[in-house]
Amino acid sequence: MASREEREGTGILVIVEADGQKAALSVDDLLGQHQVVIKSLESNYRKVAGISGATIMGDGRVAMILDIIALVRLGQPKGHANNLLHGVDTE
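Parameters at a glance
- In this numbering scheme, every chain counts its residues from 1 along its sequence in written order.
- Totals for whole chains, interfaces and linings use every residue, but because this is a predicted model, local features are given only for residues with pLDDT of at least 70 and side-chain atom pairs only at 80 or more, for both listing and counting.
- Excluding hydrogens and water, the side-chain figures rest on all heavy atoms present in the structure.
- For the purposes of this entry, the term helix denotes a DSSP run of H or I that reaches at least four residues, the term strand denotes a run of E that reaches at least two, and both are numbered from the N terminus.
- Exposure categories follow from relative accessible area, calculated using a 1.4 Å probe and restricted to protein chains: below 20% of the type maximum is buried, above 50% is exposed, and the middle band is partly exposed.
- We call two residues in contact whenever any of their non-hydrogen atoms come within 4.5 Å of each other.
- Each accessible area value is a Shrake-Rupley result obtained with a 1.4 Å probe; residue values ignore everything except the protein chains displayed when judging cover.
- Definition of a polar contact: a pair of N or O atoms within 3.5 Å, with one able to donate and the other able to accept a hydrogen when the atoms are protein atoms, and with sequence-neighbouring residues admitted only if both atoms are side-chain atoms.
- At least two DSSP bridges between two strands are needed for those strands to be called paired.
- By salt bridge we mean one thing: a side-chain nitrogen of Lys or Arg within 4 Å of a carboxyl oxygen of Asp or Glu.

(A) Structural detail: the overall build of the chain. When you go through the chain residue by residue, the secondary structure sums to four helices and four strands. Across the chain, helices and strands are ordered from the amino to the carboxyl terminus as α-β-β-α-β-β-α-α. Relative to its full complement of 91 residues, the chain shows a buried share of 19%. Residue pairs in contact within the chain that sit at least 24 positions apart in sequence constitute 17% of those at least 6 positions apart. For the chain, the computed accessible surface area is about 7400 Å², with 52% contributed by carbon and sulfur atoms.

Put into structure tokens, the structure is as follows:
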């Protein structure tokens, strides 16, 4: 596995938008685009912060479906995320 220094600058930023707010997610690789049926984790397992569900890919692997709004909230300082997602700039 590569060290953090070796990985610096080699990631990909994916810009996402949810609820009118944009955020960047750092990912290692883009594998493609798929149409999937999303299954709720909450009804089959439990609620997981930042994950809205899961799907079974064509090859049998399970893929998690990200909850972008929840991830943006988790990534913001406490109190700031709620204002950010509702269009209130606290700075």
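(B) Quick peek at the side chain of T55. Turning to its location among the elements, T55 is positioned in strand β3 (residues 51–56). Using a relative accessible area of 4% as the deciding quantity, one classes T55 as buried. Within the local environment of T55, its side chain forms a polar contact with the backbone oxygen of V37, the two atoms lying 2.8 Å apart. Aside from chain neighbours lying at most four places away, what touches T55 is V36, V37, R61, V62, A63 and I65.

(C) Layout of the pairing of β3. Examined bridge by bridge, β3 and strand β4 (residues 62–66) share five bridges and lie antiparallel to one another. Its bridge partner lying in β4, A54 is registered against M64. The loop that links β3 with its antiparallel partner β4 comprises five residues; one of these, G60, has a positive phi angle of about 95°.

(D) Summary view of the pairing of strand β2 (residues 21–27). Pairing of strand β1 (residues 12–18) with β2 involves seven bridges; the strand directions are antiparallel. The partner of I15 across the bridge, within β2, is A24. Taken together, β1 and the strand that follows it, β2, pair antiparallel across an intervening segment of two residues, in which D19 is found at a positive phi of about 55°.

(E) Local environment of the pattern of salt bridges. On inspection of all chains with the given rule, the structure shows one salt bridge. Here R61 and D59 are joined by a salt bridge, their closest N and O atoms 2.7 Å apart. Judged by relative accessible area, D59 falls into the exposed class, the value being 54%.

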